[in-house]
Amino acid sequence: MKPMEMAEALFGGEGNADGVEEMAPEGSVDSSALAAIAAHLKRSAEPAEEPAKSGAQAPSAPEAPCAVGASGRDEEETRAGGVTHLGSQGTQYPTDYDPSVLETFENKHPGNDYFVKFNCPEFTSLCPITGQPDFATIYISYVPGERMVESKSLKLYLFSFRNHGDFHEDCMNIIMKDLIALMDPKYIEVWGKFTPRGGISIDPYCNYGRAGTPWEKVAWERLTQHDMYPEKVDNR
């Protein structure tokens, strides 16, 4: 069926069987509208035009980035890299401060800047004067360089403060400096939130950005803007 015939079949013509023109009833379509509809039907039936053969090709979808280290980590490789505590059945918990228990493993994505955060809600140490226990939640966030701290060794390290006498501020700075010496991160911050003693809670914050890198500036900016909107502290 031709486009005009199809349009007339769908919407009806204007004349009667004797060729006498009649008043178009309300809702009918006149000849000019039928012609426009026929032209549209004709265009719709035609195949889409092929792109001009000027040598230019249509852009293809971007390829997915190749995953680095997607094959996983080999246990022998990880052990050789210095991880000994993880999976050990003979774990010894240090009874006093001992940074030597800390271990690292290779960062397989040194070209990516990304944060790693540890939430440590069971930190304890001792008051150096009274010997009474102090309790805190510690947040350790860092941007790794070539090496990363292994979490079980970090747990043993933090446990070693259990019988260690020091002020809250000292503990946080010692933890940060030990981790800097261990793995040379691009950036690190340590924030301790201690439970109240004598009606006062203390929240020491310290950070570090590697000198001569953009992270040095980040450390200064985060320090100067730290805790500008303090949380409401009722009684942790």
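Residues numbered from 1 in each chain as written. Predicted model: local features only at pLDDT ≥ 70, side-chain atom pairs only at ≥ 80, totals over all residues. Heavy atoms only, no water.

J.: Before we move on, can you summarise the overall build of the protein with the specific residues and values?
T.: Secondary structure summary: the protein contains six helices and six strands in total. Ordered by position from N to C terminus, the α and β elements of the protein give α-α-α-β-β-β-β-α-α-β-β-α. For the protein, the share of sequence-separated contacts (at least 6 apart) that also reach a separation of at least 24 residues comes to 66%. For the protein, the accessible area works out to roughly 15800 Å², and carbon and sulfur atoms hold 54% of it. (Helix = DSSP H or I, 4+ residues; strand = E, 2+ residues; numbered from the N terminus. Contact = heavy atoms within 4.5 Å. Areas by Shrake-Rupley, 256 points an atom, 1.4 Å probe, with all protein chains shown as cover.)

J.: Residue-level account of the pairing of strand 5 (residues 187-194), with values.
T.: Most of strand 5 sits inside the fold, with seven of its eight residues counted as buried. The pairing of strand 3 (residues 133-143) with strand 5 spans eight bridges and is antiparallel. By the bridge assignment, Ser141 is partnered in strand 5 with Glu189. One ladder, built from five bridges, connects strand 5 with strand 6 (residues 205-209); its direction is antiparallel. Note on strand 6: the bridge partner recorded for Val190 is Cys206. (Buried < 20%, exposed > 50% of the residue type's maximum accessible area, 1.4 Å probe, protein only. Pairing = 2+ DSSP bridges.)

J.: How would you sum up the packing of aromatic side chains? Please name residues and give values.
T.: Aromatic ring pairs: the centre-centre distance and the angle between the two ring planes describe each pair. Inspection of the entire model under this criterion finds ten aromatic pairs. Ring geometry for Phe123 against Phe161: centres 5.5 Å apart, planes inclined by 55 degrees, an arrangement best described as tilted. Residue Phe123 is found in strand 2 (residues 116-126), and its partner Phe161 is found in the loop between helix 4 (151-159) and helix 5 (168-183); the two are separated by 38 residues along the sequence. With 6.3 Å between their ring centres and 90 degrees between their planes, Phe123 and Phe194 make a pair best called edge-to-face. (Phe/Tyr/Trp six-rings, centres within 6.5 Å; stacked < 30°, edge-to-face > 60°.)

J.: Give a detailed account of the layout of surface pockets, specifying residues and quantitative values.
T.: The computed volume of the largest pocket comes to approximately 260 Å³. Taken together, 13 residues line the largest pocket, and the ones lying closest to its centre are Glu122, Phe123, Lys155, Leu158 and Phe159. Secondary-structure elements contributing two or more residues to the lining of the largest pocket are strand 2 and helix 4. When residues in the lining of the largest pocket are grouped by element, the largest group, seven residues, is from strand 2. (1 Å grid on protein atoms, 1.4 Å probe; cavity = no way out; pocket = protein on both sides within 12 Å on 5 of 7 lines; lining within 4 Å. Points joined across faces, edges and corners; volume = space filled by probe spheres on them.)

J.: Account for the pairing of strand 2, naming residues and giving values.
T.: The two faces of a sheet get side chains in turn, since along a regular strand they alternate between them. When strand 2 meets strand 3, the two strands line up antiparallel, connected through nine bridges. Bridged to Ser125 within strand 3 is Asp134. Once strand 2 ends, the chain turns through six residues before running back antiparallel as strand 3, passing Gly131 with a positive phi of about 80 degrees.

J.: Give me the lowdown on the sheet that holds strand 5, citing residues and values where you can.
T.: Across a sheet, strands are paired by hydrogen bonds formed along the backbone, either parallel or antiparallel in direction. In space, the four strands of this open sheet follow the order 2-3-5-6, with antiparallel pairing throughout. Either end of the sheet is taken by a strand with one partner, and the two such strands are strand 2 and strand 6. Each strand of the sheet is rotated relative to its neighbour by a mean of 15 degrees, with strand direction disregarded. Helix 5 contacts strand 2, strand 3, strand 5 and strand 6 of the sheet and is inclined by roughly 155 degrees relative to strand 5. Sheet strands in contact with helix 6 (residues 214-224) are strand 3, strand 5 and strand 6, and its direction is about 160 degrees off that of strand 6. (Axes fitted to C-alpha atoms, helices over the stretch in contact; angles between N-to-C directions.)

J.: Provide a residue-level description of the nonpolar core, including the pertinent values.
T.: Among the nonpolar cores identified, the biggest contains 28 residues, and Phe123, Ile140, Leu154, Met172, Ile175 and Leu179 are the most heavily contacted of them. Within the residue set of this core, elements represented by two or more residues are strand 2, strand 3, strand 4 (147-149), helix 4, helix 5 and strand 5. The biggest single contributor to this core is helix 5, with seven residues. Leaving out residues up to four positions away in the same chain, Leu154 has contacts with Leu102, Phe118, Ile140, Val149 and Leu179. (Core = buried A, V, L, I, M, F, W, Y, C linked by side-chain atoms within 4.5 Å.)

J.: Tell me about the environment of Lys186, residues and numbers included.
T.: Tracing the backbone shows Lys186 in the loop between helix 5 and strand 5. A relative accessible area of 15% means that Lys186 is categorised as buried. C-alpha separation for the pair Lys186 and Tyr142, spaced 44 residues apart in sequence, amounts to 7.5 Å. With sequence-adjacent residues up to four places away left out, Lys186 is seen in contact with Pro110, Asn112, Asp113, Val143, Pro144, Gly145, Tyr208, Gly209, Arg210 and Trp215. In this structure the side chain of Lys186 is engaged in a polar contact, spanning 3.2 Å, whose partner is the backbone oxygen of Pro110. (Polar contact = N/O pair within 3.5 Å; in protein donor to acceptor, adjacent residues only side chain to side chain.)

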